[in-house]
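# Topology and contacts: notes
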Amino acid sequence: MANKANPENVEIGSAPFLAVLNDLYSQYKLLKEGTLANYIPELAKVNPELFSICIVTVDGQRYEVGDNQHQFTIQSISKVFAYGLALEDHGRDYVLTKVGVEPTGDAFNAIILDEQSKRPYNPMVNAGAIATTSLIKGSGATERLNRVLDMFQKYTGQNALVDISVFTSERSTGHRNRAIAHLMLNFGMIDQNIEEVLDLYFQQCAVMVNCQDLAVMAATLANRGMNPITGEQAIDSRYIKDILSVMYTCGMYNFAGEWAYKVGIPAKSGVCGGIMAVVPHKMGIGVFSPLLDVRGNSVRGVKVCEELSQRLGLHLFECSGEGLKF
Ligand SMILES: NC(=O)CC[C@H](N)C(=O)O
């Protein structure tokens, strides 16, 4: 796949977004820091050079640069959407008894639960995401998986498929997640068959997307839950505030505070190297670059979002008028 800016992009959108995206792409293409996620063996096989940035506005305009068609597994970004489905299945109050909404300041895969309540801290870290996945309704494993895939299809407008190699790779090595699930079983936070819950969690993490899909999914959240390309309602709009709040406070794990301070918009990263960011009522942003920092966030992805936020004036609390108007 081509690693340089695709000249066809000029057709897709217009300045100023495209000029900014092209600029960021050429600038950060030179940045080679970070490491591939190798605790899931299949993820260590990815080409570390891959890089793409995409913006989709709530009125359906698309601006993109780089390897936007390259498919990768969604990993932790799936946690956002599974949380939405659990909220639709059970309502806010019940979900809150099983998964909290407190940032942890710990790594995404920390084996910890809230001391008092025994709940996992929030749905964006592994413990909370496994608990969330255990809440997804269905009469058996196949129906639950199909519901998850249908849900992803509504958000992306594309067929949702699981990358079987990545799924089996994680299933055979995911002992840390198994330990987390057993801890939650011990405290009665999950009650279903653990292996079945973990299978669904690993499957949802192995759903294939490209950078464009991330931007469309983010734009759907920015657009009160309606996919701006297909017009389909992907989630009940009443849960958008729940989702965006936990993304804002917990979506970037133990970098969430600095992210909120510097970038100032709800976002979610995954060890695939994807970052999905939401500018409410305006746009969705997807960035993909697989080299990760120590917290498991894409090195280029963080840099691109920091600069994009500054240059387009995206920070939610920006009031000095800095950045481009749109
Ligand atoms: N941060 C991530 O993307 C983690 C997701 C991965 N499937 C895991 O559970 O470890």
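Predicted model only: the values in this text are computed from it and were never measured. (Residues numbered from 1 in each chain as written. Predicted model: local features only at pLDDT ≥ 70, side-chain atom pairs only at ≥ 80, totals over all residues. Heavy atoms only, no water.)

Along strand 1 (residues 52-57), six of the six residues are buried, which leaves the element largely enclosed by surrounding structure. Pairing between strand 1 and strand 2 (residues 62-66): five bridges, direction antiparallel. When the bridges of strand 2 are listed, I53 appears paired with V65. The antiparallel pairing of strand 1 with strand 2 creates a hairpin that spans four residues between the two strands, and G60 there sits at a positive phi of about 85°. As paired elements, strand 1 and strand 7 (residues 283-288) share six bridges and run antiparallel to each other. Paired with C54 across the strands is G286, a residue of strand 7. (Buried < 20%, exposed > 50% of the residue type's maximum accessible area, 1.4 Å probe, protein only. Helix = DSSP H or I, 4+ residues; strand = E, 2+ residues; numbered from the N terminus. Pairing = 2+ DSSP bridges.)

We now examine the UniProt feature "binding site: substrate" (unreviewed entry) in the protein. In the numbering adopted here, UniProt assigns the feature "binding site: substrate" (unreviewed entry) to S76, N126, E170, N177, Y201, Y253 and V271. When you line up the elements, N177 lands in helix 8 (residues 175-186). The residues touching N177, leaving out its near neighbours within four places in the chain, are N126, I130, E170, L198, Y201 and F202. In terms of polar contacts, N177 uses its side chain to reach the side chain of N126, at 2.9 Å. Take Y253: it is sitting in the loop between helix 11 (240-250) and helix 12 (256-262). Non-local contacts of Y253, meaning those with residues more than four positions away in its chain, are made with S76, K79, D106, F108, M124, V125, K268, S269, G270, R295 and N297. Polar contacts involving the side chain of Y253 include one to the side chain of S76, which spans 3.0 Å. (UniProt positions renumbered as here; feature names shortened; annotations may be inferred. Contact = heavy atoms within 4.5 Å. Polar contact = N/O pair within 3.5 Å; in protein donor to acceptor, adjacent residues only side chain to side chain.)

Turning next to the side chain of E170. Examined against the element boundaries, E170 turns out to sit in helix 7 (residues 164-173). Nearest to the buried, unbridged E170 among oppositely charged side chains is K79, at 8.3 Å. Those residues in contact with E170 that sit more than four places away from it in its chain are I40, Q75, N177, F202 and C205. (Lys, Arg positive; Asp, Glu negative; His and termini not counted. Salt bridge = Lys/Arg side-chain N within 4 Å of Asp/Glu carboxyl O.)

Okay, unusual backbone geometry next. Its identity as a non-glycine residue notwithstanding, R224 has a phi of 55°, on the positive side. Locating R224 in the fold gives a position in the loop between helix 10 (211-222) and helix 11. Residue R224 is classed as exposed on the basis of its relative accessible area, which comes to 53%. The backbone of H281 shows a phi angle near 65°, a positive value even though the residue is not glycine. Relative to the assigned elements, H281 resides in the loop between strand 6 (274-279) and strand 7.

On inspection of all chains with the given rule, the structure shows nine aromatic pairs. Both rings, one in Y39 and one in F108, keep their centres 6.2 Å apart while their planes meet at 45°; by these two values the pair is tilted. Of this pair, Y39 sits in the loop between helix 2 (17-29) and strand 1 while F108 sits in the loop between helix 4 (92-98) and helix 5 (126-134), and the two are 69 residues apart along the sequence. With relative accessibility at 38%, the residue Y39 sits in the partly exposed group. (Phe/Tyr/Trp six-rings, centres within 6.5 Å; stacked < 30°, edge-to-face > 60°.)

Now for the sheet that holds strand 5 (residues 267-269). Two strands in a sheet stick together by hydrogen bonds in their backbones, pointing the same way (parallel) or opposite ways (antiparallel). A sheet is described by the order of its strands in space; here five strands give the open sequence 2-1-7-6-5, paired in antiparallel fashion. Among the strands making up the open sheet, the edge pair consists of strand 2 and strand 5. The average undirected angle you get between the axes of adjacent strands in this sheet is 10°. (Axes fitted to C-alpha atoms, helices over the stretch in contact; angles between N-to-C directions.)

This next bit is on the pattern of salt bridges. The final tally for this structure, using the stated rule, is 14 salt bridges. A salt bridge links E196 to R144, with the nearest nitrogen and oxygen atoms 2.6 Å apart. You can see E196 sitting in helix 9 (residues 194-205) and its partner R144 sitting in helix 6 (residues 141-156), a full 52 residues away along the chain. According to the relative accessible area criterion, E196 is partly exposed, its value standing at 30%. In this structure, the salt-bridge partner of D236 is R238, at a minimum N-O distance of 2.8 Å. By sharing partners, the salt bridges in this structure join D23, E307 and R311 into a single network.

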